[in-house]
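Descriptive analysis of the structure
Spelled out from the first residue to the last, the chains are:
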Amino acid sequence: SKGTYDTFMLKEIDEQPAVMRKISSHYFDGKKINVDQKMLKDVADADRLYIVAAGTSYHAALVGKDIFENLADVPVDVELASEFGYHMPKLSKKPFFIFLSQSGETADSRQVLVKVNELGFHSLTMTNVPNSTLSREATYTMELLAGPEIAVASTKAYTANIAVEAVLAKAMGELKGVKAAKDLDLQGQLALAANAIQTIVDEKDKFNKIADDYLTGKNDAFYIGRGIDYALSLEAALKLKEISYIHSEGFAAGELKHGTISLIEKDTPVFAYINDGIGAAHTRGNIQEVTARGAHVLVIASKKYAEKGDQVIIPEINEMISPIVSVVPAQLIAYYASLARGNNVDQPRNLAKSVTVE
Ligand code: F6R
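Residues numbered from 1 in each chain as written. Predicted model: local features only at pLDDT ≥ 70, side-chain atom pairs only at ≥ 80, totals over all residues. Heavy atoms only, no water.

The protein chain is annotated in an unreviewed UniProt entry as Glutamine--fructose-6-phosphate aminotransferase [isomerizing] from Companilactobacillus ginsenosidimutans.

What follows is the structure, given as structure tokens:
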């Protein structure tokens, strides 16, 4: 039920701090990580991970690539389910497949899993629905523990998925003796994430006003960022377009000058993310370029890289998992933009909660 909320989407956005705490208490037993040990050995033995997903889950996979490569010291390919099954690349010698699917019913992802099973490779489904098709047909399952997600636009499953990827990556890294995995206090980080999200959702009015100031009467908007913020920008743009029907794109900030900057005119809304330390200075340069062409820029920066005048500050959090927190402003901006247009926030036109056709 929606309880006191008018929409499931807002309720689900607000549930994210609790979801982070639930993941932490479920998957950690003191310092011990609570995952299937057989699965852990199996996945840690792989020479390459293939993460397969669609939509928002695909965007969670893009964030996961960084996490697994850093913490588990394993190369990762991230694949769109609708492409991968039909254009399978040359696989590594010891591949392991990870399917990310909130519903566990996405046909595009399932057709890949059927092929993976035919080839005899092992797989893991990370899903919010433990008895779903993808969960039953994969070798292993990890639960997202986000609780039922009803709004078509996925919010808490995205943040839960990143957290669960981090749990597995840390467990793999510890098993393999990777220093970065041992050094990361993931429980502490998930607690920080919960508090940081709470701070953001407590400031809803601010994001309502931002949606109003930046998006009223607009047909196009851009999210830009580098590194981890690029992956995040894709998700931020998807949230906005799917429920507000404003055309929006996520871009690698450095790619703007290779074409897209021609779309920037006076008052074009550009949301620029700066949570990635390596990319921060360059993204500032890109912000200057679009500002010089009249763009209406909102900077969403982590505390560490924020400068005077930045409008939205993201509380301190480990950079690798920072999209767990920094996506929330984008969820709220999308929500309020959709509401302002009188759209059905929970059930946008042309979309279904689980897509069971290829
Ligand atoms: C976007 C959204 C979709 C789903 C996609 C995959 O908000 O909800 O893009 O993420 O259809 O669905 P699952 O994760 O159920 O496989």
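1. Some details on the layout of surface pockets
As a reminder, the rule being used: Both cavities and pockets are sets of points on a 1 Å grid over the protein atoms alone; in a cavity a 1.4 Å probe fits but cannot get out, in a pocket the set is open with protein on both sides within 12 Å along at least five of seven lines, and lining residues sit with an atom within 4 Å of a point. Grid points are joined across faces, edges and corners, and a volume is the space filled by probe spheres set on the points. A run of DSSP states H or I qualifies as a helix once it reaches four residues; a run of E qualifies as a strand once it reaches two. Both are numbered from the N-terminal end.
Each pocket or cavity is described by its volume, and for the largest pocket that value is around 650 Å³. Contributing to the lining of the largest pocket are 31 residues, with G55, T56, E242, A352 and V355 lying nearest its centre. Of all the elements in the fold, those that place two or more residues in the lining of the largest pocket are α4 (55-71), α5 (81-84), β5 (95-101), α6 (107-119) and α12 (228-244). The biggest single contributor to the lining of the largest pocket is α12, with four residues.

2. Thoughts on the site of the ligand
Test applied: Near, as used in this document, describes a residue that has one of its heavy atoms within 4 Å of the molecule or strand being considered. By the criterion applied in these results, polar contacts are pairs of N or O atoms within 3.5 Å in which, for protein atoms, one can donate a hydrogen and the other can accept it, and in which residues neighboring in sequence qualify only through two side-chain atoms. Each accessible area is a Shrake-Rupley estimate made with a 1.4 Å probe; only the visible protein chains count as cover when residues are assessed. For a molecule to be placed in a cavity or pocket, more than half of its atoms must lie within 2 Å of the grid points of that cavity or pocket.
Lining the immediate surroundings of the ligand are 13 residues, of which S57, S101, S103, T106 and E242 lie closest. V152 has a polar backbone atom sitting 3.2 Å from an oxygen atom of the ligand. Contact with the protein chains hides 89% of the accessible area of the ligand, taken as 410 Å² for the molecule alone. Its atoms largely coinciding with the cavity grid, the ligand occupies the largest pocket. Contributions of two or more residues to the shell around the ligand are made by α4 and α12. The element best represented in the shell around the ligand is α4, accounting for three residues.

3. A word on the sheet that holds strand β3 (residues 48-53)
For clarity, the cut-off: Any two strands with at least two DSSP bridges between them are considered paired. Here an angle of 0 to 180 degrees is reported between the N-to-C directions of two axes, which are lines fitted to C-alpha atoms, with helices fitted over the stretch in contact. Only heavy atoms matter for contacts: two residues are in contact if any of them lie within 4.5 Å across the pair.
Strand order across the open sheet formed by five strands is β4-β3-β5-β6-β7, with parallel pairing between neighbours. Each edge of the sheet is formed by a strand with only one pairing partner; in this case those strands are β4 (76-80) and β7 (140-143). With direction set aside, neighbouring strand axes in the sheet form an average angle of 20°. As paired strands, β3 and β5 are joined by five bridges and run parallel to one another. Following the sheet pairing, V52 is matched in β5 by F99. Sheet strands touched by helix α3 (residues 37-44): β3, β5, β6 (123-127) and β7. Its angle to β7, the strand with the most contacts, is close to 110°. Running over the sheet, α6 touches β3, β5 and β6 and is turned about 155° from β5.

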